[in-house]
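# Summary of the model geometry
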Amino acid sequence: MDENNLEEDFKDFYFNFKIALRKIKSIYINIPIFNNENKEVIIHRERVYCYELYHQLRCQLNKIHNRNYVLFGEEDKRGVYTKDELNKIPDFIIHIPGSNYNLAIVEVKSIMAKTHDIIKDYNKIKDFIQYNNYKYGILLFFGEDNNKIPKAVHEIKSEIEKDGTRNIKLIWHKKTDVVDELLKS
């Protein structure tokens, strides 16, 4: 499999990825609950969102040109590699199992995530691209917070633009059918 095929495979995957995002209902993105003061508040739960994202992605995967790719959620990479940079658990990987064809790593964060958690996930994407032959990375934020983007996202965006990296996407999924690319490539 050559680089051109990987680029085309990613375009197919990314197209279907965005379709899957738009199929996630708002109840999985911005979850209404009643707090202990009996007032409705909105919370964001990464696990709830990721389960629904996994479901929607699996429904879309059969539309990807190269059907050999498989979506794995939270595959435990600890103990598999000698480099500490790879002994981590990514939220999602898209690859051909048993081969070195690693198309993409996806990390998911609530828009309310702490700066150090956002930076940690961004560094995880960079490490998987640099050390384990993953070709692309997606850092996906979900949820609404008065249209405020965390400071860490601006820092990551600046670093990507400065480096000229074209293989990492930043996406903000605010609510059903509202998906913004934070970085145009």
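Notes on the structure follow.

Analysis parameters
- Residues numbered from 1 in each chain as written.
- Predicted model: local features only at pLDDT ≥ 70, side-chain atom pairs only at ≥ 80, totals over all residues.
- Heavy atoms only, no water.
- Helix = DSSP H or I, 4+ residues; strand = E, 2+ residues; numbered from the N terminus.
- Buried < 20%, exposed > 50% of the residue type's maximum accessible area, 1.4 Å probe, protein only.
- Contact = heavy atoms within 4.5 Å.
- Areas by Shrake-Rupley, 256 points an atom, 1.4 Å probe, with all protein chains shown as cover.
- Expected span 1.5 Å × (residues − 1).
- Arc of directions from axis to C-beta.
- Polar contact = N/O pair within 3.5 Å; in protein donor to acceptor, adjacent residues only side chain to side chain.
- Pairing = 2+ DSSP bridges.
- Axes fitted to C-alpha atoms, helices over the stretch in contact; angles between N-to-C directions.
- Parallel < 35°, antiparallel > 145°, perpendicular 65-115°, else oblique.
- Left-handed = near helix turned anticlockwise from the far one by under 90°.
- Nonpolar A, V, L, I, M, F, W, Y, C, P; charged D, E, K, R; others polar.

What follows covers the overall build of the protein. Per the secondary structure count, the protein includes four helices and eight strands. The order of helices and strands in the protein, counted from the N terminus, is α-β-β-α-β-β-β-α-β-α-β-β. When the 185 residues of the protein are sorted by exposure, 44% land in the buried category. Long-range pairs, those at least 24 residues apart, make up 63% of the contacts in the protein between residues at least 6 apart in sequence. In the form shown here, the protein has an accessible surface area of approximately 10000 Å², with 46% of it arising from carbon and sulfur atoms.

Quick look at helix α4 (residues 151–163) now. An ideal rise of 1.5 Å per residue puts 18 Å on 13 residues; α4 measures up with 19 Å between its terminal C-alpha atoms. Of the positions making up α4, those classed as buried are Ala152, Val153, Ile156 and Ile160. For α4, the angular spread of buried residues about the axis comes to 100°, placing them on one side. Turned more than 90 degrees away from the buried face of α4 sit Lys151 and Lys162, all of them exposed. Tucked inside the fold, the buried residues of α4 contact α3 (115–131), β6 (134–142) and β7 (168–175). Trailing α4 by a residue or two, Gly164 shows a phi angle of about 75°, which is positive.

On the secondary structure map, Glu107 appears in strand β5 (residues 102–110). At 3.0 Å, the side chain of Glu107 forms a polar contact with the backbone nitrogen of Asp91. In this view, Glu107 contacts Ile89, Pro90, Asp91, Asp121, Lys124, Ile125, Ile138, Leu139 and Leu140; residues no more than four positions away in its chain are not counted.

Ordered by their spatial adjacency, six strands build an open sheet running β3-β4-β5-β6-β7-β8, and the pairing between neighbours is mixed. This sheet does not close on itself; its edge strands, each paired only once, are β3 (70–73) and β8 (178–181). The average angle at which neighbouring strand axes cross in this sheet is 20°, direction not considered. Sheet contacts for helix α2 (residues 46–61): β3, β4 (92–95), β5, β6 and β7; angle to β3, the most-contacted strand, approximately 170°.

The geometry of α3 relative to α4 is characterised by a closest axis approach of 9 Å and an angle of 30° between their N-to-C directions. Taken together, the axes of α3 and α4 are roughly parallel relative to one another. Regarding α3 and α4, the two cross each other, and that crossing is right-handed. Here Thr115, Ile118, Ile119, Tyr122 and Lys126 of α3 come into contact with α4, specifically with Ala152, Glu155, Ile156, Glu159 and Ile160. Grouping the constituent residues of the contact of α3 with α4 by class yields six nonpolar, one polar and three charged.

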